[in-house]
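One letter stands for each residue in the lines below.
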Amino acid sequence: MTKHILILAGDGIGPEVCREAERIINWLTKQGRAKFTVSHALIGGCAYDETGNPFPNETLEAARKADAILLGAVGGPKWEALDYAVRPERGLLGIRKELELFANLRPAVVFEELADASSLKRELVAGLDIMIVRELTGGIYFGQPRGVDTLPDGTKKGYNTLVYTTPEIQRIARVAFDLAGKRNGRVCSVDKANVLESTELWRQEVQKIHDAEYPNIALSHMYVDNAAMQLVRNPKQFDVMVTTNMFGDILSDCAAMLTGSLGMLPSASLGAKQANGRQHALYEPVHGSAPDIAGQGKANPIATILSLAMMLRYSFNMAAEADLVENAIKKVLADGIRTGDIMQSGMKQVGTSEMGDAILRAME
Ligand code: IPM
Ligand code: MG
């Protein structure tokens, strides 16, 4: 069966890193391992420039039809002065919300070859394999009311609302428990229940789902400040972490750095399985648009290619091909090939497309 992949390359280094992933998609098709068709659409700043809207309707329509979506990155200094409603980031938040991609999976895996590239000591990170499950369509990112009001005395008041409902908490908790069941059987739920009522509810609901449906998973709860500290003190204590939208945003950047570079971290954003068996899914590197190096052919495409591997695994049930991609990356790293962000002395530094070449060669 032919599967259709929509690529939303976006801004900054997005197009460069997506190009390398697309070459791998084409390679898989050429090898007869799968039948993929690919199309492209606009999102983020480039979409704003073209249409005045960071998330054009056309893109939403294409996204609804796709079997899976690969996204590069959005945003950059060029659009920072724009009104919030048309900022590139609204495009990303828009697609997450419209497709109800509520479950964001951010694995932080340390490749043996890069254990020395981490800012932490090798023994703390070697062999690290944690999965951060971030709630992606609720919480303070979307809560109402929100805005900036001008007060009678001329000063201003800015506000956002942190809100979670029982069903929102339950469905993300189930994703975390299901994943833990296929991994090491441990979930740490991260909240700020000592201060925020909405996350006190979070803690209670996660515990309830655990007790009722997943008694065999070991569940612990941790306050987010402690979790941030534990992530850099002893990250290997974690298996699956599940947390709110904003805490997940912050903790996943922190976890990414444990792996040596933001350029290494993929992610999957999944919707609910629909009655017809379809499931919306968007895959994207965790790094942003990196405007400082955009267009220079320097960016590390590995996070995007690892995101493609997640797509093969989660959307297309192609575990063998996902392994092939991931093992090719391991081989390239073992061969001492590095982009600038993960460069170490004695290794060979290459650009974006040479890294893509090397991974394709290793796959062959
Ligand atoms: C991420 C990013 C986004 C977020 C931004 C670009 C809106 O930081 O995916 O982690 O905050 O979710
Ligand atoms: Mg982020």
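Calculation notes
- Residues numbered from 1 in each chain as written.
- Chains lettered and ligands numbered in written order.
- Predicted model: local features only at pLDDT ≥ 70, side-chain atom pairs only at ≥ 80, totals over all residues.
- Heavy atoms only, no water.
- Helix = DSSP H or I, 4+ residues; strand = E, 2+ residues; numbered from the N terminus.
- Rg over C-alpha atoms; globule rule 2.2 N^0.38 Å.
- Buried < 20%, exposed > 50% of the residue type's maximum accessible area, 1.4 Å probe, protein only.
- Areas by Shrake-Rupley, 256 points an atom, 1.4 Å probe, with all protein chains shown as cover.
- Lys, Arg positive; Asp, Glu negative; His and termini not counted.
- Charge placed at Lys NZ, Arg CZ, Asp CG, Glu CD.
- Polar contact = N/O pair within 3.5 Å; in protein donor to acceptor, adjacent residues only side chain to side chain.
- Contact = heavy atoms within 4.5 Å.
- Expected span 1.5 Å × (residues − 1).
- Axes fitted to C-alpha atoms, helices over the stretch in contact; angles between N-to-C directions.
- Left-handed = near helix turned anticlockwise from the far one by under 90°.
- Nonpolar A, V, L, I, M, F, W, Y, C, P; charged D, E, K, R; others polar.
- Pairing = 2+ DSSP bridges.
- 1 Å grid on protein atoms, 1.4 Å probe; cavity = no way out; pocket = protein on both sides within 12 Å on 5 of 7 lines; lining within 4 Å.
- Points joined across faces, edges and corners; volume = space filled by probe spheres on them.
- Parallel < 35°, antiparallel > 145°, perpendicular 65-115°, else oblique.

**Some details on the overall build of the protein**
- When you go through the protein residue by residue, the secondary structure sums to 12 helices and 14 strands.
- For the protein, the C-alpha radius of gyration of 20 Å lies close to 21 Å, the compact-globule estimate for 364 residues.
- Once the C-alpha set of the protein is aligned to its principal axes, its extents read approximately 60 × 50 × 45 Å.
- Counting all 364 residues of the protein, 52% fall into the buried class.
- For the protein, the accessible area works out to roughly 15,700 Å², and carbon and sulfur atoms hold 51% of it.
- For the protein, the separation between the mean place of its 39 positive charges and that of its 44 negative charges on side chains is 3 Å.

**Considering the side chain of N104**
- Structurally, N104 can be placed in strand β4 (residues 103–109).
- At a separation of 2.7 Å, a polar atom in the side chain of N104 contacts the side chain of R106.
- One polar contact links N104 to S269, side chain to side chain, over a distance of 3.2 Å.
- When sequence neighbours within four positions are dropped, the list of residues in contact with N104 reads I132, V133, R134, L136, S267, A268 and S269.

**Focus: helix α6 (residues 166–182)**
- Spanning 17 residues, α6 covers 25 Å between terminal C-alpha atoms, matching the ideal 24 Å at 1.5 Å per step.
- Buried within α6 are the following residues: E168, I169, I172, A173, V175, A176, F177, L179 and A180.

**Structural notes on the packing of helix α11 (residues 319–334) against helix α12 (residues 352–363)**
- Running from amino to carboxyl end, α11 crosses α12 at an angle of 115 degrees, the nearest separation of the two axes being 8 Å. Seen from above, α11 lies across α12 with right-handed handedness. In this structure, α11 contributes L324, V325, A328, I329, K331 and V332 to the contact, and α12 contributes M355, A358, I359, A362 and M363.
- Grouping the constituent residues of the contact of α11 with α12 by class yields 10 nonpolar, no polar and 1 charged.

**Re the pairing of strand β9 (residues 218–223)**
- As judged from the 6 bridges shared by strand β8 (residues 186–191) and β9, these two strands associate in the parallel manner. Bridging across to β9, C188 finds its partner in S220.

**As for unusual backbone geometry**
- A cis amide bond links Q144 with the next residue in sequence, P145, at an omega value of 0 degrees.
- One can find P145 in the loop between β5 (129–135) and β6 (147–150).
- With a phi angle near 50 degrees, E100 is a residue other than glycine that sits in the positive phi range.
- Within the fold, E100 resides in the loop between α4 (88–98) and β4.
- Of note in the backbone geometry, N317 takes a positive phi value of approximately 55 degrees without being a glycine.
- On the secondary structure map, N317 appears in the loop between α10 (302–314) and α11.

**What about the sheet that holds β9?**
- Ordered in space as β2-β1-β3-β12-β11-β4-β5-β10-β8-β9, the 10 strands form an open sheet in which the pairing is mixed. Looking along the sheet, the strands with just one partner apiece sit at the ends: β2 (35–40) and β9. With strand direction ignored, the average angle separating the axes of adjacent strands in the sheet is 25 degrees.
- With respect to the sheet, α4 is in contact with β1 (2–10), β3 (68–73), β4, β5 and β12 (281–283), its orientation differing from that of β3 by roughly 160 degrees.
- Helix-sheet contacts for helix α9 (residues 245–258) involve β4, β5, β8 and β10 (240–243), and the interaxial angle to β5 is about 155 degrees.

**Section: the layout of surface pockets**
- For the largest pocket, the calculated volume is near 1,200 Å³.
- What lines the largest pocket is a set of 36 residues, and nearest its centre among them are L105, L179, M310, R313 and Y314.
- Elements with a contribution of two residues or more to the lining of the largest pocket: β4, β5, α6, α10 and α11.
- A total of 5 residues in the lining of the largest pocket trace back to one element, the largest contributor, which is α6.
- Counted as a void, the second largest pocket has a volume near 890 Å³.
- Along the wall of the second largest pocket there are 32 residues; nearest its centre are E89, L93, R96, Y141 and D249.
- Of all elements in the fold, only β3, α4, β6 and α9 reach the threshold of two or more residues within the lining of the second largest pocket.
- Examining the composition of the lining of the second largest pocket, we find that 5 residues originate from one element, α4, more than from any other.
- Partitioned by chemical class, the residues of the lining of the second largest pocket number 13 nonpolar, 8 polar and 11 charged.

**Some remarks on the packing of α6 against helix α7 (residues 197–213)**
- It is the contact of α6 with α7, at a shortest axis distance of 9 Å, that shows an interaxial angle of 50 degrees. Here α7 runs oblique to α6, going by the angle between their axes. α6 and α7 meet at a crossing whose hand is right-handed. Between α6 and α7, the contacting residues are T166, I169, Q170, I172, A173, R174 and F177 on the first element and L201, W202, E205, V206, I209, H210 and E213 on the second.

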